Amino acid sequence: MTDWDVLRTTAQQMTARSYAPYSGYRVGAAALVDDGRLVRGCNVENASLGLTLCAECGLVSDLAAGGGGRLVAFCCVDGQGAVIMPCGRCRQLLWEHGGPPLQLLTPAGVQTMAEVLPQAFDATTMGHR
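The structure displayed is predicted, hence computed values, not measured ones.

**Brief notes about the overall build of the chain**
Scanning the chain from N- to C-terminus turns up 4 helices and 5 strands. Secondary structure elements in the chain, listed N-terminal to C-terminal, are α-β-β-α-β-α-β-β-α. The C-alpha atoms of the chain give a radius of gyration of 14 Å, which matches the 14 Å a tight globule of 129 residues would have. For the chain, the C-alpha atoms occupy an extent of roughly 40 × 35 × 30 Å along the three principal directions.

Structure follows, in C-alpha cells:
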C-alpha cells in the first residue's frame, strides 16, 4: 500500500532545495522503488533554460545512484505543494524506469503510466527486450 502523504510531503520538502533563480518555479519529486527505498529530486535551472534539469531527472539519478530498481509510485509538486503533472520528457523518463504499472499521484487522482502516457515509445518499439 502506497503512503501518498509521505511521497507528497517528501516532494514538498524537495522544493526547498530547488535551484530556480530564473523562473522561480520550484518543483520537488519523490517516488517509491520496488525494494522499498524512497528516491527524490528537485529541479535545477540553468541560464540556458533548455538545459534545465527537471525534478524527475534528479529523482531518476538518485534511483540509479542508489542501485537501480523499478519505480512503483511517484509524486511531484510545485513550490506551494500542489500536485502537478510531469512534462512530456519526464513522462518518457518515468516510463523507462517504472513502465506501464507505475502509479502517479496526479491532480485528477492516482493514475498509472499506461493512462498518463498511452501508446508509449520504449525499448520494445525499438525491437529490444
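Continuing now.
**Considering unusual backbone geometry**
Despite not being glycine, Gln 119 shows a phi value in the positive range, around 55°. Inspection of the secondary structure puts Gln 119 in the segment after α4 (113-116). Exposure remark for Gln 119: the relative accessible area of 81% places this residue in the exposed category.

**Some points on helix α1 (residues 4-15)**
Between its first and last C-alpha, α1 extends 17 Å over 12 residues, near the 16 Å set by a 1.5 Å rise per residue. Those residues of α1 not exposed but buried are Trp 4, Leu 7, Thr 10, Ala 11, Met 14 and Thr 15. Summarising the axial view, the buried residues of α1 lie within an arc of 150°, below the 170-degree limit, and thus occupy one face. Between the side-chain oxygen of the N-cap and the backbone nitrogen of Asp 5 there are 3.2 Å, and the N-cap of α1 in question is Asp 3.

**Remarks on the side chain of Glu 56**
Tracing the sequence through the fold places Glu 56 in helix α2 (residues 55-65). The buried charged residue Glu 56 lacks any salt bridge partner; its closest oppositely charged side chain belongs to Arg 89, at an N-O distance of 6.8 Å. Residues in contact with Glu 56, not counting those within four places in the same chain, are Phe 74, Cys 76, Pro 86, Cys 90, Leu 93 and Leu 94.

**Focus on the pairing of strand β2 (residues 38-42)**
Every regular strand shows the same layout, with side chains that alternate between the two sheet faces. Note: strand β1 (residues 27-33) against β2, 5 bridges, orientation antiparallel. When the bridges of β2 are listed, Gly 28 appears paired with Cys 42.

**Some remarks on the side chain of Thr 15**
As for its position among the elements, Thr 15 is in helix α1. Given a relative accessible area of 5%, Thr 15 falls into the buried group. The residues contacting Thr 15, other than those within four sequence positions of it, are Arg 26, Val 27, Gly 28, Val 77, Asp 78 and Gly 79.

Cut-offs applied
Residues numbered from 1 in each chain as written. Predicted model: local features only at pLDDT ≥ 70, side-chain atom pairs only at ≥ 80, totals over all residues. Heavy atoms only, no water. Helix = DSSP H or I, 4+ residues; strand = E, 2+ residues; numbered from the N terminus. Rg over C-alpha atoms; globule rule 2.2 N^0.38 Å. Buried < 20%, exposed > 50% of the residue type's maximum accessible area, 1.4 Å probe, protein only. Expected span 1.5 Å × (residues − 1). Arc of directions from axis to C-beta. Polar contact = N/O pair within 3.5 Å; in protein donor to acceptor, adjacent residues only side chain to side chain. Lys, Arg positive; Asp, Glu negative; His and termini not counted. Salt bridge = Lys/Arg side-chain N within 4 Å of Asp/Glu carboxyl O. Contact = heavy atoms within 4.5 Å. Pairing = 2+ DSSP bridges.

Function cannot be read off these values alone, since they describe shape.
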